[in-house]
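An overview of the molecular structure
In case you want the letters, here they are:
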Amino acid sequence: MSDETALHPELRETADRIAEMEIRGAATIAGAAVEALATQARESAVDDPTAFRRQQRRAGRHLYDTRPTAVSLPNALRYVLDRMDGDSVAALRESVVSAAGEFTERLSRAQSDLGEIGANRLRDGDTVMTHCHSTDALACVEAAVDQGKELSAVVKETRPRRQGHITAERLRELGVDVTLIVDSAARRYLDDVDHVLVGADSIAADGSVINKIGTSGLAVNARERGVPIVVAAQTIKLHPETLTGQTVEIEMREESEVIDRETREEIGELTVDNPAFDVTPPRYVDAIVTESGQFPPETIVTLMRELFGESAARPWEEREE
Ligand code: RI2
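Along each chain, residue indices are assigned from 1 in the same order as the chain's sequence is written. Predicted model: local features are reported for residues with pLDDT of at least 70 only, side-chain atom pairs are reported and counted for 80 or more only, and whole-chain, interface and lining totals are derived from all residues. As a rule here, side-chain values come from all non-hydrogen atoms in the structure, and water together with hydrogens is ignored.

1. Section: the domain arrangement of the protein
In this document the domain limits rely on a domain assignment from an automatic tool or a database. As far as domains go, the protein holds domain 1 (9–113) and domain 2 (120–308). With both chains or domains summed, domain 1 and domain 2 bury close to 2000 Å², and 53% of this area falls on carbon and sulfur atoms. Buried area adds together the accessible area that both of two parts lose upon being put together, with accessible area traced by a 1.4 Å probe. Three residues stand out in domain 1 for area buried against domain 2, namely Arg24, Thr69 and Gln111, and they jointly supply 29% of the buried area on that side. With a shortest N-O distance of 2.8 Å, Arg67 and Glu251 are connected by a salt bridge. Pairs of N or O atoms are called polar contacts if they sit within 3.5 Å, as long as, within protein, a hydrogen donor faces a hydrogen acceptor (for residues adjacent in sequence, only side-chain-to-side-chain pairs). Inspection of the region where domain 1 meets domain 2 yields 14 residue pairs in polar contact (both at pLDDT 80 or more). When a carboxyl oxygen of Asp or Glu is within 4 Å of a side-chain nitrogen of Lys or Arg, the pair counts as a salt bridge.

What follows is the structure, given as structure tokens:
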């Protein structure tokens, strides 16, 4: 490792916070990653364009290696690193900083456009059931509330990290009535809800939705009860590598998120698994709401091709200049 391409401490800190889930949620992770690339570019001490490019790629790799499932992270890195251009360090720096700014702006615009579209599905007096905490899903509720609709929510706690508590808090801030339930109570409450509204970490080319663990079981139960399942996902959640047959890696997290050491020792010999995400097949999803409109899951591949083409380069990978 050469000193000249050393990574900025703020970028390292962002990467650590993403890995620890202090920064979490697919869209938020993407925003934090591009901000870190911009900091790296602004603060870089290198004076050689080749070294600068190498340093940015290394920064991208460091961020990429934090969590494997949400494709918003590599898509954000792609957006910025693909636009890194120039013959001098000053020009390269400027290209990275401006691409990062542009990405951040698009991210927030996409979320509010998506919210307007998702809000059209929600009627005055409706109840939604949520799982985990998704800023894209909440944008739909927020837009509906802004249109004057009164909504209620049944909020799943979402073990093991209980992100449902964040959702409950945000919904209360919007004036939505909230009933918090444990995950295993979801089926019992499905008859009382009009929509299941969730986010996504990645969407595969066949329309499968990769989201917080528990989404697929919820979707199967909702389908059985005739409750529509709506996935709110900006197009940065589309996973271009699945166009060429890659599968999405499901992150396995620490067992300490599930059980404390003392209880585990009391129980005796056992295996503890903690998958963070699961895959909901397209047949259980009614609509994917993006900033470009609402899509049946099976047609999402068309949009994916339009936005990413057939190939998904990995501009953070090491290469010869
Ligand atoms: P937004 C979260 O993952 C949840 O699975 C959530 O549905 C998804 O990211 C999308 O979040 P985690 O980071 O981009 O909590 O809609 O593991 O905010």
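2. Overview of the environment of Ala139
A run of DSSP states H or I qualifies as a helix once it reaches four residues; a run of E qualifies as a strand once it reaches two. Both are numbered from the N-terminal end. Turning to its location among the elements, Ala139 is positioned in helix H6 (residues 135–146). Given a relative accessible area of 12%, Ala139 falls into the buried group. The sequence separation of Ala139 and Gly115 amounts to 24 residues, and the corresponding C-alpha distance is 4.5 Å. Using a 1.4 Å probe on the protein chains alone, a residue whose accessible area is under 20% of its type maximum counts as buried, one over 50% counts as exposed, and one in between counts as partly exposed.

3. Structural notes on the state of the cysteines
By disulfide we mean two sulfur atoms from cysteines, separated by a distance within 2.5 Å. Across all of its chains, the model carries zero disulfides by this definition. Left without a disulfide partner, Cys132 is nearest to the cysteine sulfur of Cys140, which lies 15 Å away. Taking the relative accessible area as the measure of exposure, Cys132 reaches 8% and is therefore buried.

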